[in-house]
Amino acid sequence: MSTLPHCLCFWRLAGLVSSVVTLSLPAIANDAALTAPVASRNLSPLYANLGIPVMSSAFALEKGELELDWTLHWASHSVFERSDDQILSLDGETRRQDFRAQLGLGKGVALSLSLPYISHSGGQLDTFIDDWHAFWGMPDGPRAAQPIDALRFSYTGSSGFDLNSGRSGFGDAEIAASFTAVSAEQWTLGVFAHYKFASGDVDDFTGSGEQGVSLGVRWSHNACLAALFSCHLQLGVSGVGDSEFDSGSEILVPFAGLSLAWELGSAVALLAQVDAHDVVYDASPLAANGPAIWGTLGLRWQPRDRWLIDAQFVEDLAVGSAPDISFRFALSRSF
């Protein structure tokens, strides 16, 4: 499946969502929580458990402010790569629920703790996605040759794997600390450190089997691009440890993200985001699709004070480097 149809579909939908909501809602001033980046993950079985940090705002929580959120990522996988005598096949669905707490400690310092619950199965999305591709005139890629709603994560390399029955369990817990380095009236520059525990199970694809440490910087501007958008940028490097799948894999992985938010009304924002990280693996089938790039598009709604609801979809902009398509839903409450 080529990258171009995915990109065209992504931006066509961006224009459609923007037009519909703009017609129905008046514009308002910026709100930091409403326009914060999306905590969008690469749920590919090859990358999901490496502990590469999700995007977050550089604007720190106030002292004593607590934010609790629950996120459901629902991803469909369809990858088939062959190189010499090695074959990689990823077919199935992953549902990841993230439970996260963030606390402001004052003076620009904040802490966060996240615990995921992960399920892999054959799922129910294959027929819907086939129809989606047909509607947009997109090729069906490996899906045309893979069974409907079946689970198979397999790799025939020297450190291969073969998962063909459902698995679920708690994954690798994560803890992070962020600090505001420089702050002005409209923008903030922050630094952060992130640590991932090896609390999941590598055989069930709920963990990587390795601890990990990440360091990075975040920049947020609440009135950029002619003051129409809130902009967020994240750059860093993640130490993911040795891979159970490939002895020649990279240990240090650069990552980046760019997020734009456009407030469409007193309680609604349109969010568009691109995330990326470098390729980790050296073996040909595992590295065939190169660096991972995925795009996230959707809405955030504030139904009442201190409550936020997210609904987005995620596309693999570099085809095969992330799930074919993911859906993301989140509920957040601050105190």
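See above for the structure.
Predicted, not measured: the structure shown is a model, and the values here were computed from it.

A. A look at the pairing of strand β3 (residues 109-121). Residues Ala110, Ser112, Ser114, Pro116, Ile118 and His120 of β3 are buried on one face, while the alternating residues Val109, Leu111, Leu113, Leu115, Tyr117, Ser119 and Ser121, pointing to the opposite face, are not. Hairpin remark: strand β2 (residues 86-106) followed by β3, antiparallel, with two residues in the connecting loop; positive phi at lysine 107, about 55 degrees. Where β3 meets strand β7 (residues 174-183), six bridges bridge the pair, whose relative direction is antiparallel. Looking across to β7, one finds that leucine 111 is bridged to alanine 177. Pairing geometry for β3 and strand β6 (residues 167-170), over four bridges, is antiparallel. Its bridge partner lying in β6, tyrosine 117 is registered against phenylalanine 170.

B. Highlighting a nonpolar patch on the surface. The grouping of Phe179, Val182, Leu189, Val191, Val217, Leu233, Leu235 and Leu258 at the surface amounts to a nonpolar patch, some 590 Å² of accessible area in total. Topologically, leucine 189 is positioned in strand β8 (residues 187-196). Residue classification places leucine 189 among the partly exposed positions, given a relative accessible area of 32%.

C. View of helix α2 (residues 126-136). Of the positions making up α2, those classed as buried are Asp126, Ile129 and His133. One face of α2 carries all of its buried residues, which in axial projection span an arc of 65 degrees. When the buried face of α2 is taken as reference, the exposed residues oriented beyond 90 degrees from it are Ala134 and Phe135. Close packing links the buried residues of α2 with β1 (66-83), β2 and β15 (325-334). Backbone geometry just downstream of α2 places glycine 137 in the positive-phi region, at approximately 70 degrees.

D. The arrangement of the side chain of threonine 35 in detail. In this structure, threonine 35 sits in the loop between α1 (3-24) and β1. A polar contact is formed between the side chain of threonine 35 and the side chain of serine 230, at a distance of 3.3 Å.

E. Inspection of the environment of valine 182 at higher detail. Relative to the assigned elements, valine 182 resides in strand β7. For valine 182, a relative accessible area of 38% gives the class partly exposed. As a C-alpha pair, valine 182 and tryptophan 219 span 37 residues in sequence and 9.5 Å in three-dimensional space. Beyond its immediate sequence surroundings of up to four residues, valine 182 is in contact with Trp187, Thr188 and Leu189.

F. Geometry of unusual backbone geometry. Positive phi values are uncommon outside glycine, yet lysine 107 reaches one of about 55 degrees. Position of lysine 107 among the secondary structure elements: in the loop between β2 and β3. Judged by relative accessible area, lysine 107 falls into the exposed class, the value being 82%. Unlike most non-glycine residues, alanine 226 shows phi in positive territory, near 60 degrees.

G. Seen up close, the packing of aromatic side chains. Counted by the stated rule, this structure contains 12 aromatic pairs. Aromatic pair phenylalanine 161 and phenylalanine 205: ring centres 5.2 Å apart, planes at 75 degrees, arrangement edge-to-face. With phenylalanine 161 in strand β5 (residues 161-163) and phenylalanine 205 in the loop between β8 and β9 (212-224), this pair connects stretches of sequence that are 44 residues apart. The pair phenylalanine 161 / phenylalanine 205 is uniform in exposure class, with both members buried. Ring-pair connections join several aromatic residues into one group, and the members of that group are Tyr47, Phe153, Tyr155, Phe161, Phe205, Phe245 and Tyr281. A cation over a ring is seen here: arginine 95 above tryptophan 74, with NZ or CZ 4.2 Å from the ring centre.

H. Quick look at the state of the cysteines. Tallied over the full model, the rule gives one disulfide. Here cysteine 224 pairs with cysteine 231 through a disulfide, and the sulfurs are 1.5 Å apart. Sign of the S-S torsion, about 70 degrees for the bond between cysteine 224 and cysteine 231, identifies this disulfide as right-handed. For cysteine 224, a relative accessible area of 9% puts it in the buried group.

I. Main features of the side chain of aspartate 204. Residue placement: aspartate 204 occurs in the loop between β8 and β9. Judged by relative accessible area, which is 19%, aspartate 204 ranks as buried. Sequence-distant contacts of aspartate 204, that is, excluding residues within four places in its chain, are made with His120 and Arg167.

J. Spotlight on the pairing of β9. As paired strands, β8 and β9 are joined by 10 bridges and run antiparallel to one another. By the bridge assignment for β9, tryptophan 187 is matched with histidine 221. Once β9 ends, the chain turns through four residues before running back antiparallel as strand β10 (residues 229-239), passing leucine 225 with a positive phi of about 50 degrees.

K. Highlighting the nonpolar core. Residues Leu46, Leu88, Phe161, Tyr281 and Leu286 are the most contacted members of the largest nonpolar core, which totals 22 residues. When contributions to this core are tallied by element, the ones reaching two or more residues are β2, β4 (152-155), β5 and β11 (252-263). Setting aside residues no more than four positions away along its own chain, phenylalanine 161 makes contact with Leu46, Leu88, Leu90, Phe153, Ser154, Tyr155, Phe205 and Phe245. By size, the runner-up hydrophobic cluster in this structure holds nine residues, among which are Leu125, Ala272, Leu297 and Phe327.

Calculation criteria
- Residues numbered from 1 in each chain as written.
- Predicted model: local features only at pLDDT ≥ 70, side-chain atom pairs only at ≥ 80, totals over all residues.
- Heavy atoms only, no water.
- Buried < 20%, exposed > 50% of the residue type's maximum accessible area, 1.4 Å probe, protein only.
- Helix = DSSP H or I, 4+ residues; strand = E, 2+ residues; numbered from the N terminus.
- Pairing = 2+ DSSP bridges.
- Patch = residues over 30% accessible without salt bridge, like charges linked within 9 Å, V, L, I, M, F, W, Y side chains within 5 Å.
- Areas by Shrake-Rupley, 256 points an atom, 1.4 Å probe, with all protein chains shown as cover.
- Salt bridge = Lys/Arg side-chain N within 4 Å of Asp/Glu carboxyl O.
- Arc of directions from axis to C-beta.
- Contact = heavy atoms within 4.5 Å.
- Polar contact = N/O pair within 3.5 Å; in protein donor to acceptor, adjacent residues only side chain to side chain.
- Phe/Tyr/Trp six-rings, centres within 6.5 Å; stacked < 30°, edge-to-face > 60°.
- Lys NZ or Arg CZ within 6 Å of the ring centre and 35° of its normal.
- Disulfide = S-S within 2.5 Å.
- Core = buried A, V, L, I, M, F, W, Y, C linked by side-chain atoms within 4.5 Å.

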